[in-house]
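The residues making up each chain are set out below.
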Amino acid sequence: MAFGKSKNRRRLDAAPRNDAVKGAVRSHGPSVAKALGLAVATAGLIWGSIELRAWAVVSPRFALESVNFSGLERASRPELLKLSGLAAGQNLWTLDPAALARSMGQHPWVRTVEVTRRFPRGVSVEVTEHAPAALAVLGDLYVLDDEGEPFKRVTPGDGLDLPLVTGMERDAYVADPDGVRSKFREALDVTRAYARLLPGRSERLSEVRLENTGLALVTATGQEVRLGAGDTEVKLQRLARVRRELSTRGLAAAIIRLDNRARPGWVAVRLSSGSDSVRSGDSTQ
């Protein structure tokens, strides 16, 4: 009899637990079904995406037909296409725009490249080129861009008529490229200021020489202008006045010195007549 009572008690105890489970299923069933449906839908999307890509990478619908370039001046379309390896018929989905940009960026005139796929059959390439600003002697002759970067060696086909920057050694550039680029930018600032303040070609700037004591300029006629360090624009304005005064007197200068540290307003002039006489005076008077 004790056994029977124990058995009945287990049956009675089991009933509430079954009811609780059924209630939990009834109350959570929609959420479970929703989660299950979402999982199935996600799996379907993933499978569909895989199948879609497998179709896209072989479909002739996405075969490359056109490559459009913008920003080209010195770099040419055939040169950049050769570097990139782009060819008609390549599938756009298989192209890596970043890798294409790196490849075309190897061209010496190219500063930056942005490659964009234009579905279904095109690619656009936006190029920014280096802007040549001067030539620099660093063992070989290099082209400087407007940021003072020597970005390529000069070749016969470049056809550049630009001021020459001298006074820096290749070893110095290798040891301290940032420092040398800073010096180059200083020289470029002078060339721009010279062109703005002393326009015309009568004394066109030919060379900017970087020296320990500052800057020296050489014109196309061979006139040497010692600027020294600092106050570049003030000194160039003074140079313009000195030249005008010499011109009114029918004189020409071989050397004009504006680098007197003790008397910044003084200008010393050596005439180009062949004599060794030196004329000097305070340009502020």
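Residues numbered from 1 in each chain as written. Predicted model: local features only at pLDDT ≥ 70, side-chain atom pairs only at ≥ 80, totals over all residues. Heavy atoms only, no water.

- Looking at an unreviewed UniProt entry, the protein chain carries the name Cell division protein FtsQ, with the source organism given as Corallococcus aberystwythensis.
- Under the UniProt heading Function (unreviewed entry), the entry covering the protein chain gives this text: "Essential cell division protein." (UniProt positions renumbered as here; feature names shortened; annotations may be inferred.)

## A word on the nonpolar core
- Phe184, Leu217, Leu227, Leu236 and Leu239 are the most contacted members of the largest nonpolar core, which totals 35 residues.
- Considering every element that reaches this core, the biggest residue donor is helix H5 (residues 177-197), with 7 residues.
- Phe69, Leu100, Ala101 and Val123 belong to the second largest nonpolar core, which has 17 residues in total. (Core = buried A, V, L, I, M, F, W, Y, C linked by side-chain atoms within 4.5 Å. Buried < 20%, exposed > 50% of the residue type's maximum accessible area, 1.4 Å probe, protein only. Helix = DSSP H or I, 4+ residues; strand = E, 2+ residues; numbered from the N terminus.)

## Structural notes on the pairing of strand E5 (residues 140-145)
- Relative to E5, strand E4 (residues 132-138) runs antiparallel, the two sharing 6 bridges. Note on E5: the bridge partner recorded for Ala136 is Tyr142.
- Connecting E4 to the next strand, E5, in antiparallel fashion are 1 residue, including Gly139 with a positive phi near 80°.
- Bridge count for E5 against strand E6 (residues 150-153) is 3 bridges, and the pairing is antiparallel. Within E6, the residue paired with Val143 across the bridge is Lys152. (Pairing = 2+ DSSP bridges.)

## A few points about the packing of helix H2 (residues 77-84) against helix H3 (residues 97-104)
- Running from amino to carboxyl end, H2 crosses H3 at an angle of 125°, the nearest separation of the two axes being 8 Å. By the criterion of interaxial angle, the relationship of H2 to H3 is oblique. Crossing geometry of H2 relative to H3 is assigned as right-handed. Facing H2, whose interface residues are Leu80, Leu83 and Ser84, H3 presents Leu100, Ser103 and Met104.
- Of the residues assigned to the contact of H2 with H3, the class counts are 4 nonpolar, 2 polar and no charged. (Axes fitted to C-alpha atoms, helices over the stretch in contact; angles between N-to-C directions. Parallel < 35°, antiparallel > 145°, perpendicular 65-115°, else oblique. Left-handed = near helix turned anticlockwise from the far one by under 90°. Contact = heavy atoms within 4.5 Å. Nonpolar A, V, L, I, M, F, W, Y, C, P; charged D, E, K, R; others polar.)

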